[in-house]
Amino acid sequence: MTRTKNVSRETFHDNGTYTQEELSSLIGDKAVIKNNECEPTADSVAIDAQRQKEMNALHYDGKLCISKHRFLNLIMSMRGGGKSFWFKRYVVEEFFKNGHKFIYMRRYQTDIEKALADKQGSFWSDLVKEGYFLDHELKEDSNGFYIDGVQCGYYVALSSAVSRKSISYKDVHTVIYEEFLLMKGKIRPLKNEPCELLDFLNTVDRYEDRVTCFCLANTIDYANEYFQYFNIFPKIGDEFTLKKQVLVQVWDNPKFEEYAKKSRLGELIEGTEYGDYAISSKFLMNDEHFLEEKTARSNYVFGLHYNGKNYAVWCDESVGKYFVNTQHDSNRYTFVFTLEDMRPNTLMLTKKKPEMLRHFIENFRLGNVYSNNQTTKRAVFDLMKILT
């Protein structure tokens, strides 16, 4: 990666208010003074290089992910792990080397407008702050990104991507979708968002095997819509999970964890649920309560069809528990709750609930309903918001 750091006397004193002797005392052996300018010594350059190497070891490196050659990559980590920074550098270097352009995607147009209005939060700001590409003119506007006056990338809001189906992106090879997972209750996801994303990627790639998509997020929610849509559920503790052309990477780094815990904020949040998420890459919105596989003595009671998925409800009267999993029997009663979920051989729920369903709801209130995994539990909890 190209990196340039500029060192001048302003780095070491306040607008020339120090004398040469005072300046020499302040900077010690970090630099020498020639013609009233500070120049770094060989030793200081070596020290800076070593420090940079140590910092790089703390943060995300996407080379291993890219080497697995998957079309769709769902990448999650702790906060501040450096995912966005690394992929920004990657797409810019790809433009320099191969002329490949990129798309930087956010969920809503307002996300793009906020980034453009806040220069500290713009695409280029963190790259410039760290001294990358300083020898080039870097600009952005609502249409995209420019290096030395040449467009190298495009801004796209997924919410309005349907209006871009007639646009050709023949020069695009990489799509970065920032913050594809959301903190619950903060921002509304798009309806059937994974399908919307795939539809736009189809517009860009056109079955040419030219494009790779990297979706970036913090480890917010294991029971998220993307895992459900692609039916891919990484085992806790595994960094990579692959299924067909989908890759899930849950990146963790003990060195980063150790570094973060030494800070005052790290000390404050260590041992908390938030600390596990922000430092240790553990999913924030998932607890282990009400997770249990059905017993051998459980009997099938009825089925549920919700949000495009089938679920089975079981009961073991000997232990007084209900269990929900995905071992659905289409020949038994299956309840649906919306017109969108209506299918042949299903029963649309009316205001008067059947006895078996009322009993299930009452046991949920009593804490007697268990699910086989986080995704099923999320569906059950969402359903109870409709039913109660």
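To keep things clear, this report deals only with the structure shown in the data block.

What counts, and where the lines are drawn
Residues numbered from 1 in each chain as written. Predicted model: local features only at pLDDT ≥ 70, side-chain atom pairs only at ≥ 80, totals over all residues. Heavy atoms only, no water. Pairing = 2+ DSSP bridges. Helix = DSSP H or I, 4+ residues; strand = E, 2+ residues; numbered from the N terminus. Axes fitted to C-alpha atoms, helices over the stretch in contact; angles between N-to-C directions. Contact = heavy atoms within 4.5 Å. Phe/Tyr/Trp six-rings, centres within 6.5 Å; stacked < 30°, edge-to-face > 60°. Buried < 20%, exposed > 50% of the residue type's maximum accessible area, 1.4 Å probe, protein only. Lys NZ or Arg CZ within 6 Å of the ring centre and 35° of its normal. Salt bridge = Lys/Arg side-chain N within 4 Å of Asp/Glu carboxyl O. Patch = residues over 30% accessible without salt bridge, like charges linked within 9 Å, V, L, I, M, F, W, Y side chains within 5 Å. Areas by Shrake-Rupley, 256 points an atom, 1.4 Å probe, with all protein chains shown as cover. 1 Å grid on protein atoms, 1.4 Å probe; cavity = no way out; pocket = protein on both sides within 12 Å on 5 of 7 lines; lining within 4 Å. Points joined across faces, edges and corners; volume = space filled by probe spheres on them. Nonpolar A, V, L, I, M, F, W, Y, C, P; charged D, E, K, R; others polar.

### With respect to the sheet that holds strand β3 (residues 72–77)
Consideration 1: If you trace the 9 strands from one edge of the open sheet to the other, you get β5-β6-β7-β4-β8-β9-β3-β11-β10, paired in mixed fashion. If you trace the sheet from one side to the other, it starts and ends with β5 (138–141) and β10 (240–243), each paired once. Neighbouring strand axes in the sheet, compared pairwise and without regard to direction, differ in orientation by 20 degrees on average.
Consideration 2: The pairing of β5 with strand β6 (residues 144–147) spans 4 bridges and is classified as antiparallel. Across the sheet, the residue bridging to L138 is I147, located in β6.
Consideration 3: In the packing of helix α4 (residues 83–98) onto the sheet, contacts are made with β3, β4 (101–106), β6, β7 (150–157), β8 (172–178) and β9 (212–218), and the angle to β9 comes to roughly 160 degrees.

### Section: the packing of aromatic side chains
Consideration 1: Under the counting rule described, the total for this entry stands at 32 aromatic pairs.
Consideration 2: Ring centres 6.4 Å apart and planes at 85 degrees place the aromatic pair F87 and Y90 in the edge-to-face group. Of this pair, F87 and Y90 are both found in helix α4, 3 residues apart, which corresponds to roughly one turn of the helix. The same class applies to F87 and to Y90, which are both buried.
Consideration 3: Every member of this aromatic cluster is reached through a ring pair, and the members are Y60, W86, F87, Y90, F214 and W251.
Consideration 4: Taking NZ or CZ as reference, K68 lies 4.8 Å from the ring centre of F240, over its face.
Consideration 5: In this structure, K88 is placed above the aromatic ring of F123, and the distance from its NZ or CZ to the ring centre is 5.1 Å.

### Quick look at the sheet that holds strand β12 (residues 299–306)
Consideration 1: Taken in spatial order, the 6 strands line up as β16-β15-β12-β13-β14-β17 in an open sheet, and their pairing is mixed. In this open sheet, the two edge strands, each paired with only one partner strand, are β16 (347–348) and β17 (369–371).
Consideration 2: Where strand β15 (residues 334–336) and β16 come together, 2 bridges link them in parallel fashion. Counted as the bridge partner of F335 is L347 from β16.

### Considerations on the pairing of β4
Consideration 1: Within β4, 6 of the 6 residues are buried, which leaves the element mostly enclosed by the surrounding structure.
Consideration 2: In this sheet, β8 lies alongside β4 in parallel orientation, the contact comprising 5 bridges. Within β8, the position partnered with K101 by the bridge is V172.
Consideration 3: Looking at chain direction, β4 and β7 are connected through 5 bridges and run parallel. Opposite M105, over in β7, you have V156 as the bridge partner.

### Thoughts on the pattern of salt bridges
Consideration 1: Applying the stated criterion across every chain, the model contains 15 salt bridges.
Consideration 2: For the salt bridge of K101 with D171, the shortest nitrogen-to-oxygen distance reads 3.2 Å. A residue pair is termed long-range when its members are at least 10 positions apart, and K101 in strand β4 and D171 in the loop between β7 and β8 qualify at 70 residues.
Consideration 3: On the accessibility criterion, K101 (17% relative accessible area) is buried.
Consideration 4: Classification of D171 by relative accessible area gives partly exposed; the value is 25%.
Consideration 5: One connected set of salt bridges, linked through shared partners, spans K170, E208 and R210.

### Focus on a nonpolar patch on the surface
Consideration 1: Side chains of L339, M342 and M348 sit close together on the surface and give an oily, nonpolar patch of about 300 Å² of accessible area.
Consideration 2: Position of L339 among the secondary structure elements: in the loop between β15 and β16.

### Description of empty space enclosed by the protein
A probe matching the size of a water molecule, rolled over the atoms, marks out where space remains unfilled.
Consideration 1: Counted by the stated rule, this structure contains 2 cavities of 30 Å³ or more.
Consideration 2: Approximately 40 Å³ is the volume attributed to the largest cavity.
Consideration 3: Lining the largest cavity we find A161, V162, K165, E196, D199, F200 and T203.
Consideration 4: In terms of residue class, the lining of the largest cavity is built from 3 nonpolar, 1 polar and 3 charged.
Consideration 5: Considering only enclosed or pocket space, the second largest cavity measures out at about 30 Å³ in volume.
Consideration 6: The wall of the second largest cavity is formed by F290, F364, V369, Y370, S371, K377, V380 and F381.

### Here's the deal with the side chain of S371
Consideration 1: Summarising the element assignment, S371 is placed in strand β17.
Consideration 2: Classification of S371 as buried rests on a relative accessible area of 2%.
Consideration 3: If sequence neighbours within four positions are ignored, S371 has contacts with F290, L291, E292, V324, T376, K377 and V380.

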